[in-house]
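Remarks on the overall topology
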Amino acid sequence: MMNLMNKNMISFITAVSFMMCACTDTTVIPAGDYDSMKGSGNGNSDAEWAVSSIEPLANPDRGYHLECRYFAHNLVNPFNSSEEYPKGFVDDREITYSSKDGSTKIVQQYIYLTGYARKDIDEQGLENVQKVFDGLKDKGYKTILRFAYNWWGENQYNSNWKDEEEEEEWIYRHIEQLAPVLQKNIGLIAAMQAGFLGRWGEWHNTSVLLGPNAQRVKNGVVNKLLAAIPEPYNIEMRYPSHKNALTLDNETYRTTRLGYCNDFFTAGEHALAAGNDFVPGSEEYNQVMNEAYQIYISGEMPYPEESEWGLSDLISRTGTLQIFRDHHYSAFDITQNENINVHSWKNSSVTPSELTRNRILFDESYFVEDGKNVARTFYDFVRDHLGYRINVKKVELNAENGSLAYKIDLTNTGFATVINPKEVYLVLISEDSNEVKELKKLEVDPRDWQPYDVARNDYKVLMHTLEGTVEVTGISGKYKVGIWMPEVASDLKYNSKYAVKFALSDLMTSWNDEEGKYAVNVIGEVSL
């Protein structure tokens, strides 16, 4: 939730006997397994562990996000006229928010269509939108994308508001114009936000939502956006009530393609949390919890401004983690409450005992460094567990009689699963690293790799098993074996920045080719 001050302050269990088979299955790891790790689940025995930073695992569609804003007609930041693209874009924001280490790979990108409120988006405007996408690709970023018209907030701050406020017919026309650009760049979109309506695209305080046609307009915006981008990519809604009131052209999309953006995340503790935040125990909280496992969820804290909407207090760490877990958060903003809560997260530690007591999933390897137990900062833990975090737990490889049999056990200890589509390949890498053989595209859907049983909500980590046999007749030599998970979008498939990386461990190492086409999760070696 923003105001003008805000903006300016700125399992495969069945084995198969033929060549092209891959199966998946899921089993449960009892929670007590975490207690086998020294120091975890045993009171405060890990309280004195040294705190050590950990290198971020830069993965697509997930993690902390930045925020950037431009007009479509001239690529100038509405809130800072000295920032004309590429000023004020990813490079600058990484410096401002100390994330050049790879801690951010998503940006919430606002594009204001103010200059086209009563006319078609011209060629220059569409080229400018494409220029932003090109910049994202160059930086290895994705976007949570929002279009809007009203950047000024209250009308008293813009004498031209009557000519620059959105109108229903022009919103629909602009979505039609933008659709080809969105489809061309779909691999760069982590999620779209409904946007378009009201102040900053937040669906409030706008003439178009006054009167008897308000719901028709909301229905129209969402249905046209769902049609503009392909399945299964998500449109984020602000509130469950907004989603519940919609009349959809395709009802199945209600729970599969309509996610949520919580723009007032306060762990339910702010005086105005009711009706604005998703407060634990509320009807809204429970609805999001029941739907979140298969949709995209992101959020942001309010600015620490001196108004009734500001957040100047520290919110509960435990409450925050439990909400991230229950609502399967994929992304979270670090720009709006940087100096208070985000700062606190960077200067406080988290250990296995705290997580175990609060039933927050983790992999024991996360708290081990050079053979020693270590604590991590709260900031790093959240960063590394937003979205998915895939861990290799066991690997079995057997090459004989011209076949390679494989069985790979994985867990996901992130808050969410892999929401956007990815392909999964079993690959071989030659001993000299000069050749990658894409042995087989596995018939699996990573979106099924939930961290825990979402029907039972028992918060016990699930095991997902990749198992099958592949023909390797005619291939000889020593090879690394790996899992390669590229983007489905054709223009990003052979771009290693956008491949899914598993967590490093004794069972998994990463491999990248010199051309930047492959990022492979190496899980063993075989001689053929």
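Everything below is about the structure printed above this text.
Remember, predicted model here, so these are calculated numbers, not experimental data. (Residues numbered from 1 in each chain as written. Predicted model: local features only at pLDDT ≥ 70, side-chain atom pairs only at ≥ 80, totals over all residues. Heavy atoms only, no water.)

1. Some details on the packing of aromatic side chains
Taken as a whole, this structure holds 31 aromatic pairs when the rule is applied. Taken together, a centroid distance of 5.3 Å and an interplanar angle of 65° make the contact between Trp345 and Phe378 edge-to-face. Of this pair, Trp345 sits in helix α11 (residues 338–346) while Phe378 sits in helix α13 (residues 378–385), and the two are 33 residues apart along the sequence. Summarising the burial analysis for this pair, Trp345 and Phe378 share the class buried. Between Trp484 and Tyr494, the ring centres sit 5.4 Å apart and the planes meet at 35°, which makes this aromatic pair tilted. Of this pair, Trp484 sits in strand β21 (residues 478–484) while Tyr494 sits in the loop between β21 and β22 (509–512), and the two are 10 residues apart along the sequence. Tyr494 gets classed as partly exposed once you look at its relative accessible area, which sits at 36%. Above the plane of the ring of Tyr379 lies Lys346, whose end atom (NZ or CZ) is 4.9 Å from the centre. (Phe/Tyr/Trp six-rings, centres within 6.5 Å; stacked < 30°, edge-to-face > 60°. Helix = DSSP H or I, 4+ residues; strand = E, 2+ residues; numbered from the N terminus. Buried < 20%, exposed > 50% of the residue type's maximum accessible area, 1.4 Å probe, protein only. Lys NZ or Arg CZ within 6 Å of the ring centre and 35° of its normal.)

2. Remarks on the sheet that holds strand β9 (residues 258–262)
Spatially, 8 strands are ordered β2-β5-β6-β7-β8-β9-β10-β11 in a closed barrel, and the strand pairing comes out parallel. Across the sheet, the mean angle separating the axes of adjacent strands is 30° when strand polarity is ignored. Judged from the 7 bridges that link them, strand β5 (residues 104–112) and strand β6 (residues 142–148) form a sheet pairing that is parallel. Of the residues in β6, the one forming a bridge with Tyr110 is Arg146. (Pairing = 2+ DSSP bridges. Axes fitted to C-alpha atoms, helices over the stretch in contact; angles between N-to-C directions.)

3. Focus: the nonpolar core
If you look at the biggest cluster of nonpolar residues, it comprises 99 residues, and the most contacted ones within it are Phe147, Phe196 and Phe381. Setting aside residues no more than four positions away along its own chain, Phe196 makes contact with Leu113, Phe147, Ala148, Tyr149, Glu166, Ile171, Ile175, Leu178, Gly201, Val221 and Leu225. Counting 28 residues, the second-largest nonpolar core is a separate cluster that includes Tyr406, Leu428, Met485 and Val526. (Core = buried A, V, L, I, M, F, W, Y, C linked by side-chain atoms within 4.5 Å. Contact = heavy atoms within 4.5 Å.)

4. Brief notes about the packing of helix α10 (residues 317–326) against α13
In contact at an axis separation of 12 Å, α10 and α13 are set at 5° when each is read in the N-to-C sense. Between α10 and α13, the crossing angle belongs to the class labelled roughly parallel. Every residue of α13 that contacts α10 at Arg317, Leu321 and Phe324 is listed here: Phe378, Phe381 and Val382. (Parallel < 35°, antiparallel > 145°, perpendicular 65-115°, else oblique.)

5. Re the environment of Arg447
Checked against the element boundaries, Arg447 lands in the loop between β19 (436–441) and β20 (462–471). According to the relative accessible area criterion, Arg447 is partly exposed, its value standing at 30%. Beyond its immediate sequence surroundings of up to four residues, Arg447 is in contact with Pro232, Thr417, Val418 and Ile419.

6. Quick word on the pairing of strand β4 (residues 80–84)
Inspection of the sheet shows strand β3 (residues 76–77) paired to β4 by 2 bridges, in the antiparallel sense. Looking at the pairing, Val76 lines up with Glu84 of β4. The turn joining β3 and β4, which pair antiparallel and follow one another in sequence, is formed by 2 residues.

7. As for the packing of helix α5 (residues 168–184) against helix α6 (residues 214–228)
Running from N to C, α5 and α6 cross one another at 15°; their axes reach a closest spacing of 9 Å. On the basis of their axis angle, the class for α5 and α6 is roughly parallel. Considering the relative orientation of α5 and α6, their crossing is right-handed. In this structure, α5 uses Glu168, Ile171, Tyr172, Ile175, Ala179 and Gln183 to contact α6, whose residues at the interface are Arg216, Val217, Gly220, Val221, Lys224, Leu225, Ala227 and Ala228. Partitioning the contact of α5 with α6 into residue classes produces 9 nonpolar, 2 polar and 3 charged. (Left-handed = near helix turned anticlockwise from the far one by under 90°. Nonpolar A, V, L, I, M, F, W, Y, C, P; charged D, E, K, R; others polar.)

8. Brief notes about the sheet that holds β21
Read across the sheet, 5 strands follow the order β19-β18-β21-β23-β22 without closing on themselves; strand pairing throughout is antiparallel. Either end of the sheet is taken by a strand with one partner, and the two such strands are β19 and β22. Each strand axis lies, on average, 40° off the axis of its neighbour in the sheet, ignoring direction.

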